[in-house]
Amino acid sequence: MRPKVFIPEYMADVGMAMLKSSCDCIIPWEKGKPVMNITDPAHPIRQRLYEADAVIVRVFTITGKDLARPNRLKVIVKHGVGLDNIDLPAATAHGIPVAYTPTGNTNAVAEHTMALMLSLIRRIKPAGRALLEGRFNERNDYCGDELDGKILGLIGLGRIGSLVAKKAAYGFDMRVIAYDPYVSSDAYDGPAQLVATLEELLVISDFVSLHVDLNDETRHILDARALNKVKPTCRIINTSRGAAIDQTALMAALQSDRLGGAALDVFEDEPLPAHHPITELPHVVLTPHIAGLTTTSMERTAQASAQAVLDALVGKTPEYVVNGVPVC
Ligand code: NAD
């Protein structure tokens, strides 16, 4: 009998095709709207979870109650990162491996980081506005600068940070330095020069870009004290998590011209309200948490999710299992 895979939310065709060749896919959204989050355990679509051998979820919740019911699940796969919609302790207690796909959008975020840096330094937003407002001839007011030769300070040198380092150094001839106390210079093989303290990075960088995961150490890693150390021309980029920057302190620094600008894809409170004061500031570029969202990243994530299911169904442990439960 072919195994059944429950896919309650949209997934790119390339991943679906991988699964359909050897599995029966339960796809409630194919003929209608995507199913977002059916919390009622009696909902007819949610019932399909209990007949599946594997499930791929985006925001669909998998609760302890779901897992306490008779089910056939051999693996739960998170399409993306952020596992808060899955009851991990319950999955572990029931011996179900939980896999995720952290690399699908790495390149998308790294490219978006470069786009934000370029947007700031070339003054794309105010120049575009001038054109739209019929002020074409003011173009000399929008003379920007170049990334070539500038110092980029990366806070966090993991998957995304190290890819940004390569793009900035090899693609744009920037000098890249990085602060990440969990990466040793012996183990790191890339163009960034590791610095021992955050302060060393802050005082010399022309751009500071955040690529940390959010934890007790990185929450407000850029606070008022840290922001006071950067050069007044320094531009801050955040595509990691909003709370890595103290947004109030950032606003204050921007409002008092103690910073050259900021580009943010993530915010302490999301969604950012339409008329939030930060939207009014000059030298600020904002995007609505889309750094990781591209057609290609959705396809890569779908492929990785499908591969994790296929691996688990033949008894192989998927590449990224978060709860350490072996596949049986
Ligand atoms: P990763 O786990 O590979 O890298 C995180 C790095 O931060 C690690 O190298 C870690 O050592 C480092 N770090 C931890 N604590 C630190 C500290 N105190 N000081 C300096 N460095 C520290 O993660 P990743 O895949 O590179 O993702 C980076 C961030 O990007 C995460 O916050 C992730 O949630 C975010 N992200 C955002 C989007 C988006 O759409 N904006 C998409 C994907 C990922």
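Source: prediction; values computed, not measured. (Residues numbered from 1 in each chain as written. Predicted model: local features only at pLDDT ≥ 70, side-chain atom pairs only at ≥ 80, totals over all residues. Heavy atoms only, no water.)

A.B. asks: Any chance you could break down the side chain of Arg235 for me, citing the residues and the numbers?
C.D. replies: Mapped onto the secondary structure, Arg235 falls in strand S10 (residues 235-238). Buried charge Arg235 goes without a salt bridge, the closest partner of opposite sign being Asp145 at 6.2 Å. Setting aside anything within four residues of it in sequence, one finds Arg235 in contact with Leu120, Ile121, Asp206, Phe207, Val208, Gly260 and Gly261. (Helix = DSSP H or I, 4+ residues; strand = E, 2+ residues; numbered from the N terminus. Buried < 20%, exposed > 50% of the residue type's maximum accessible area, 1.4 Å probe, protein only. Lys, Arg positive; Asp, Glu negative; His and termini not counted. Salt bridge = Lys/Arg side-chain N within 4 Å of Asp/Glu carboxyl O. Contact = heavy atoms within 4.5 Å.)

A.B. asks: Go over the pairing of strand S3 (residues 54-57), please, and point to the residues and values.
C.D. replies: Alternating positions in S3 separate into two faces, Ala54 and Ile56 on one and Val55 and Val57 on the other, with burial throughout. Inspection of the sheet shows strand S1 (residues 4-6) paired to S3 by two bridges, in the parallel sense. Residue pairing in the sheet places Val5 in a bridge with Ala54 of S3. Pairing of S3 with strand S4 (residues 75-78) involves four bridges; the strand directions are parallel. Bridge pairing in S4 links Ala54 to Val75. (Pairing = 2+ DSSP bridges.)

A.B. asks: Could you give an account of the pairing of strand S9 (residues 207-210), with specific residues and numbers?
C.D. replies: Residues of S9 alternate between two faces, with Phe207 and Ser209 on one and Val208 and Leu210 on the opposite face, all of them buried. Pairing analysis gives four bridges linking strand S6 (residues 151-155) to S9, with the strands arranged parallel. Across the sheet, Leu154 pairs through a bridge with Ser209, a residue of S9. Pairing between S9 and S10: four bridges, direction parallel. The residue bridging Val208 from the neighbouring strand is Ile236, located in S10.

A.B. asks: Can you break down the environment of Gln193 residue by residue, with the values?
C.D. replies: Looking at where Gln193 falls in the secondary structure, it is placed in strand S8 (residues 193-194). If we ignore the near neighbours within four places in the chain, the residues touching Gln193 are Arg175, Val176, Ile177 and Ala178.

A.B. asks: Summarise the site of the ligand; cite the residues concerned and give the values.
C.D. replies: Taken together, the neighbourhood of the ligand is formed by 26 residues, with Arg159, Ile160, Asp180, Val212 and Glu217 sitting nearest. Contacts to the ligand include Glu217, whose side-chain N or O atom sits 2.9 Å from a nitrogen atom. Within the side chain of Arg241, an N or O atom sits 3.2 Å from an oxygen atom of the ligand. Burial of the ligand by the protein amounts to 87% of the accessible area it has alone, namely 870 Å². Taken together, the residues that form the shell around the ligand break down as ten nonpolar, ten polar and six charged. (Near = heavy atom within 4 Å. Polar contact = N/O pair within 3.5 Å; in protein donor to acceptor, adjacent residues only side chain to side chain. Areas by Shrake-Rupley, 256 points an atom, 1.4 Å probe, with all protein chains shown as cover. Nonpolar A, V, L, I, M, F, W, Y, C, P; charged D, E, K, R; others polar.)

A.B. asks: How would you sum up the nonpolar core? Please name residues and give values.
C.D. replies: The biggest cluster of nonpolar side chains holds 32 residues, and the ones touching the most others in it are Ile155, Leu201, Leu222, Ile236 and Leu250. Listing elements by their share of this core, those giving two or more residues are S6, strand S7 (175-179), helix H8 (198-204), S9, helix H9 (224-227), helix H10 (247-255) and strand S11 (261-264). Among all residues touching Leu250, those that are not within four sequence positions of it are Leu227, Ile236, Ile245, Leu259, Ala262, Leu264 and Ile278. Residues Leu116, Leu152, Leu154 and Val176 belong to the second largest nonpolar core, which totals 23 residues. (Core = buried A, V, L, I, M, F, W, Y, C linked by side-chain atoms within 4.5 Å.)

A.B. asks: Could you give an account of the pattern of salt bridges, naming the residues involved and the relevant values?
C.D. replies: Under the counting rule described, the total for this entry stands at eleven salt bridges. A salt bridge links Asp53 to Lys74; the shortest N-O distance between them is 3.0 Å. Highlighted residues: Asp53 in the loop between helix H2 (44-47) and S3 and Lys74 in the loop between helix H3 (64-68) and S4, separated in sequence by 21 residues. Assessed through its relative accessible area of 4%, Asp53 is described here as buried. Overall, Lys74 belongs to the partly exposed group, its relative accessible area being 35%. Each of Lys4, Arg48 and Glu51 takes part in one network of salt bridges that share partners.

A.B. asks: I'd like a description of the packing of aromatic side chains, backed by residues and values.
C.D. replies: Counted under the stated rule, the structure contains three aromatic pairs. For the ring pair Tyr100 and Tyr320, a centre distance of 6.0 Å and an interplane angle of 80° mean the geometry is edge-to-face. One end of the pair, Tyr100, is in the loop between strand S5 (98-99) and helix H5 (106-121); the other, Tyr320, is in the segment after helix H11 (295-313), and 220 residues separate them in sequence. The positively charged end of Arg69 is found above the aromatic ring belonging to Tyr50, 4.1 Å away from the centroid. (Phe/Tyr/Trp six-rings, centres within 6.5 Å; stacked < 30°, edge-to-face > 60°. Lys NZ or Arg CZ within 6 Å of the ring centre and 35° of its normal.)

A.B. asks: Tell me about H11, residues and numbers included.
C.D. replies: Compared with the 27 Å implied by 1.5 Å per residue over 19 residues, the 27 Å span of H11 between its first and last C-alpha is a close match. Turning to H11, the residues buried within the fold contact S1, helix H1 (13-20), S3, S4, S5 and H5. Backbone geometry just downstream of H11 places Gly315 in the positive-phi region, at approximately 85°. (Expected span 1.5 Å × (residues − 1).)

Honestly, that's just the spatial picture; any functional story needs more than this.
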